[in-house]
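Take a look at the letters that make up each chain.
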Amino acid sequence: MGRLALVGGHGFQTLDPWAGAPKVRLPTERGAVGLLDAGTHLVLPRHGIDAYTPAHLVDHARNLAALLDSGCDRVLAICSVGSLHPELGVGSFLCPSDFIELGQVDTAFDDERGHIVPAFDPVWRRLVLEAWDTGTDEPIRDAGIYWQSPGPRFETPAEVRLIARHAEVVGMTMASECVAASQLGLAYAAICVVDNLANGIGEAPLTREEYEAGHAANRERLAAVLGAALRSLTAEGE
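Please read these numbers as outputs of a predicted model, since none were measured by experiment.

(A) Examining the environment of A164 more closely. Note that A164 resides in the loop between helix 3 (157–163) and strand 10 (169–171). Aside from chain neighbours lying at most four places away, what touches A164 is L84 and H85.

Below you can see the structure in the form of structure tokens.
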């Protein structure tokens, strides 16, 4: 089997389990991709390792092609999300089972290879949940729908009311990333981290400061959980 790839959001490369890993740049047909080589696994910040690319401009096919070329065969994506329901509070973890993305999704191929049925890999998703349960006592919700918003802005309360009828969480990147992974033949599963209540779900309108505070508060717990689960997850490739 191949190597494991962890893909995360802005600042993902600074989490403790791999913060000291060497940085490498891999060439692809679409341009170079920066990532960390942590030995048993690769760490890829989807928004860029040296500069920030906003959600709607991330080239997911380029990122994942670099992982494929590096010998990876499975991807665990870590995704910052807003909760669409107050009972799924800030700090919650969710392993989504499906997604909705109604806009234009960039494709890895401009020919018939793009006509695929995208989905989370069921075997890999199960192994991720088993590793989570073995490595940590942190609760995780198994199953839920992820709604992809185009970004880079947050949603309005009216949009959130509509979206909440059909999904549990909302984010800006995961669906596009899963589609690209499916086209490239990479097994893909995701863990969503609730960094904020979606705009209009809380008692007051969402602010950027509220989102950043939730994101910062979740970093230490996320690093601990991933560090504990990595032993099992990387062993799947041995």
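(B) Up close: the packing of helix 1 (residues 60–69) against helix 4 (residues 174–184). Here helix 1 crosses helix 4 at 45°, and the two axes come no closer than 9 Å. As summarised for this structure, helix 1 and helix 4 are arranged oblique, according to the angle between their axes. Where helix 1 crosses over helix 4, the two elements pack in a sense that is right-handed. Where helix 1 abuts helix 4, its residues H60, A61, L64, A65 and L68 lie against S176, E177, A180, A181 and L184. In the contact of helix 1 with helix 4, the residues fall into seven nonpolar, two polar and one charged.

(C) Geometry of helix 4. Most of helix 4 is tucked away, with 10 of its 11 residues classed as buried. Contact partners of the buried residues in helix 4: strand 1 (3–8), helix 1, strand 5 (72–83), strand 7 (98–100), strand 9 (145–148) and strand 11 (187–197). Once helix 4 ends, the next one or two residues include G185, with phi positive near 85°.

(D) Spatial organisation of the state of the cysteines. Scanning the entire structure with this criterion turns up zero disulfides. Between C79, a free cysteine, and C192, which holds the nearest cysteine sulfur, the sulfur-to-sulfur gap is 5.0 Å. Looking at the unpaired C95, the closest cysteine sulfur is the one in C192, lying at 8.0 Å. C95 gets classed as buried once you look at its relative accessible area, which sits at 0%.

(E) Up close: helix 1. Among all positions of helix 1, only H60, A61, N63, L64, A66 and L67 are buried. Elements in contact with the buried residues of helix 1: strand 1, strand 2 (23–26), strand 3 (33–37), strand 4 (41–45), strand 5 and helix 4.

(F) Main features of the packing of aromatic side chains. Throughout the structure, instances matching the rule amount to five aromatic pairs. Feature note: the residues F99, F120 and Y188 constitute an aromatic cluster, connected by ring pairs.

(G) Representation of the side chain of Q13 within the structure. Along the chain, the position of Q13 falls in the loop between strand 1 and strand 2. Owing to a relative accessible area of 15%, Q13 belongs among the buried residues under this scheme. A polar side-chain atom of Q13 sits 3.5 Å from the main-chain carbonyl oxygen of I49. Non-local contacts of Q13, meaning those with residues more than four positions away in its chain, are made with W18, A19, L36, P45, G48 and I49.

Parameters and conventions
- Residues numbered from 1 in each chain as written.
- Predicted model: local features only at pLDDT ≥ 70, side-chain atom pairs only at ≥ 80, totals over all residues.
- Heavy atoms only, no water.
- Helix = DSSP H or I, 4+ residues; strand = E, 2+ residues; numbered from the N terminus.
- Contact = heavy atoms within 4.5 Å.
- Axes fitted to C-alpha atoms, helices over the stretch in contact; angles between N-to-C directions.
- Parallel < 35°, antiparallel > 145°, perpendicular 65-115°, else oblique.
- Left-handed = near helix turned anticlockwise from the far one by under 90°.
- Nonpolar A, V, L, I, M, F, W, Y, C, P; charged D, E, K, R; others polar.
- Buried < 20%, exposed > 50% of the residue type's maximum accessible area, 1.4 Å probe, protein only.
- Disulfide = S-S within 2.5 Å.
- Phe/Tyr/Trp six-rings, centres within 6.5 Å; stacked < 30°, edge-to-face > 60°.
- Polar contact = N/O pair within 3.5 Å; in protein donor to acceptor, adjacent residues only side chain to side chain.

Nothing here speaks to function; it is all geometry.
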